[in-house]
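Summary of the model geometry
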Amino acid sequence: MTMTRVKGAEALPLNRILDGDCIEVMNSLPAESIDLIFADPPYNLQLRGTLHRPDNSLVDAVDDDWDQFSSFAAYDAFTRDWLSAARRLLKPQGAIWVIGSYHNIFRVGAALQNQGFWILNDVVWRKSNPMPNFRGKRLTNAHETMIWASKSEGGKYTFNYEALKALNEGVQMRSDWVLPICSGHERLKDEKGDKAHPTQKPESLLHRVLVGTTNPGDVVLDPFFGTGTTGAVAKMLGREYIGIEREESYRRVAEKRLAKVRKFDREALEVSASKRAEPRVPFGQLIERGMLRPGEELYSANRRFKARLRADGTLVGADVKGSIHQVGAHYEGAPSCNGWTYWCFRRDGQLVSIDVLRQQIRAEMQG
């Protein structure tokens, strides 16, 4: 992985950190080439003077040059320009995440809508271990806000609903996420032993974003790469990444960090998929393809009932006929039945679920 300044590039510089102004670099990349953008832009904190703890020790606050803007108008112009460049890069089915604090996120949200993005959710990242408010004149800032938006109204986008539900112990994922800030072993340090970046994001946050809204092989761009959290998580999860970072000190830390990251194996990268997202297979196709034969008998998984197959894919039982679902529901006295998991066929003296045959066809369709 090497650092480079891209000019007029046609091919995507995958898995690299690009040196330069984010707007210039984004404008040099091919249009509609990116699946997801995760952006952590300058917050424009407008800090006035130094900040001390109650014991008079100095707080290492965000006062770097990259966070300094002369006015709200200057910040808004910068926001419009980088969002315009970002939108050009996104594929039609692409999406963007932007994270910020109360200092900037509302201005960014308005700019997103003005650019034609369509806001899907705002997510509150509630920090389980926030930094206290040392002056005691305001509420403790215990959260940041993320905006998730598709490229346009009605545009398609990736959303791995079942995977996020699985991450949340089988409960639908909500828009308030309780996760800790970077601390301890995850907090990167520079050569002097100081924090390498004042607003380093935790890997847990990016893990949830990327598992939920990208797929393996997708290209993820971070135009404010910092010390490389987006790249590190993308690499682990089998996504391609492109980072843009103008500060050399951050690039050095990110390069070192990314060199140590290893991709998870292919099986580990698979996530729960929505049944609605799987290709539909009509039961009659199993008969058309000779996987089951007209006249063959099917048996309920509990071995209590049986029915005979007809050439059109319907079943005939002792006192009922209809689809695999209708006949199963009749036998069980239930309002509905999933016939795919209810019925089995006999092979070599064993009962085998007909769903095995459906999955064989799906594997062919997808691969």
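These numbers were taken from a predicted model, which means no experiment stands behind them. (Residues numbered from 1 in each chain as written. Predicted model: local features only at pLDDT ≥ 70, side-chain atom pairs only at ≥ 80, totals over all residues. Heavy atoms only, no water.)

**Some words on the pairing of strand β10 (residues 297-300)**
Inspection of the sheet shows β10 paired to strand β11 (residues 306-309) by three bridges, in the antiparallel sense. Bridge assignment links Glu 297 to a residue of β11, and that residue is Arg 308. Hairpin connection, β10 to β11: the antiparallel pair is bridged by five residues, and Arg 303 has positive phi, about 65°. Pairing geometry for β10 and strand β14 (residues 343-347), over two bridges, is antiparallel. Bridge assignment links Ser 300 to a residue of β14, and that residue is Trp 343. (Pairing = 2+ DSSP bridges. Helix = DSSP H or I, 4+ residues; strand = E, 2+ residues; numbered from the N terminus.)

**Let's talk about the packing of helix α2 (residues 72-89) against helix α3 (residues 105-115)**
Between α2 and α3, the shortest axis-to-axis distance is 10 Å and the interhelical angle comes to 45°. Here α3 runs oblique to α2, going by the angle between their axes. Note on packing geometry: the crossing formed by α2 with α3 is right-handed. Of the residues in α3, those touching α2 at Phe 72, Tyr 75, Asp 76, Thr 79, Arg 80, Leu 83, Ser 84 and Arg 87 are Arg 107, Val 108, Ala 111, Leu 112 and Gln 115. Considered class by class, the residues forming the contact of α2 with α3 number six nonpolar, three polar and four charged. (Axes fitted to C-alpha atoms, helices over the stretch in contact; angles between N-to-C directions. Parallel < 35°, antiparallel > 145°, perpendicular 65-115°, else oblique. Left-handed = near helix turned anticlockwise from the far one by under 90°. Contact = heavy atoms within 4.5 Å. Nonpolar A, V, L, I, M, F, W, Y, C, P; charged D, E, K, R; others polar.)

**Notes on α3**
For α3, the complete set of buried residues consists of Ile 105, Val 108, Gly 109, Ala 111 and Leu 112. Along the long axis of α3, the arc covered by the buried residues comes to 165°, so they all point the same way. Opposite the buried face of α3, at more than 90 degrees from it, the exposed residues are Phe 106, Gln 113 and Asn 114. For α3, the secondary structure elements touched by its buried residues are α2, β4 (90-100), β5 (118-127) and β6 (143-150). Phi turns positive one or two residues past the end of α3, at Gly 116, with a value near 105°. (Buried < 20%, exposed > 50% of the residue type's maximum accessible area, 1.4 Å probe, protein only. Arc of directions from axis to C-beta.)

**A look at the packing of aromatic side chains**
Summed over the entire model, instances satisfying the criterion amount to 13 aromatic pairs. Note on Tyr 75 and Phe 78: the rings are 6.4 Å apart at their centroids and 50° apart in plane angle, and the pair reads as tilted. Placement of both Tyr 75 and Phe 78 in helix α2 is noted, with a separation of three residues, approximately one turn of the helix. Phe 78 carries the same exposure label as Tyr 75, and that label is buried. (Phe/Tyr/Trp six-rings, centres within 6.5 Å; stacked < 30°, edge-to-face > 60°.)

**Regarding the nonpolar core**
Generally speaking, soluble globular proteins have nonpolar side chains that are buried together. Formed by 34 residues in total, the largest nonpolar core has its most connected members in Trp 97, Met 146, Trp 177, Leu 205, Val 209 and Leu 210. The element best represented in this core is helix α5 (residues 203-213), accounting for five residues. Apart from residues lying up to four places away in sequence, Val 209 is in contact with Leu 36, Phe 38, Trp 97, Met 146, Trp 177 and Thr 214. In terms of nonpolar packing, the next biggest core, distinct from the first, is built from 31 residues, Cys 22, Ile 34, Ala 39 and Ile 96 among them. (Core = buried A, V, L, I, M, F, W, Y, C linked by side-chain atoms within 4.5 Å.)

**Topic: unusual backbone geometry**
With a phi close to 60°, Glu 169 is a non-glycine residue in the positive phi region. Mapping Glu 169 onto the fold places it in the loop between α4 (161-167) and β7 (176-179). The phi dihedral of Arg 303 is positive, around 65°, even though this residue is not glycine.

**Overview of the side chain of Arg 251**
With respect to the helices and strands, Arg 251 occurs in helix α7 (residues 248-259). Of the residues examined, Arg 251 reaches a relative accessible area of 6% and is grouped as buried. Of the polar contacts made by the side chain of Arg 251, one reaches the backbone oxygen of Glu 245; its length is 3.1 Å. (Polar contact = N/O pair within 3.5 Å; in protein donor to acceptor, adjacent residues only side chain to side chain.)

**Things to note about the environment of His 207**
Within the element layout of this structure, His 207 appears in helix α5. Its relative accessible area of 30% is what places His 207 among the partly exposed residues. The spacing of His 207 and Met 236 is 29 residues in sequence and 9.3 Å in space, taken between C-alpha atoms. With sequence-adjacent residues up to four places away left out, His 207 is seen in contact with Leu 167, Val 233 and Leu 237.

**Some remarks on the pattern of salt bridges**
If you walk through the whole model with that rule in mind, you get 16 salt bridges. Between Lys 151 and Glu 32 there is a salt bridge; the shortest N-O distance is 3.6 Å. Of this pair, Lys 151 sits in the loop between β6 and α4 while Glu 32 sits in the loop between α1 (22-28) and β3 (34-39), and the two are 119 residues apart along the sequence. Residue Lys 151 is classed as buried on the basis of its relative accessible area, which comes to 11%. Arg 308 is paired through a salt bridge with Glu 297; the nearest N and O atoms lie 3.1 Å apart. Placement of the pair is Arg 308 in strand β11 and Glu 297 in strand β10, with a sequence separation of eleven residues. On the accessibility criterion, Arg 308 (42% relative accessible area) is partly exposed. Because the salt bridges share partners, they merge into one network encompassing Glu 297, Lys 306 and Arg 308. (Salt bridge = Lys/Arg side-chain N within 4 Å of Asp/Glu carboxyl O.)

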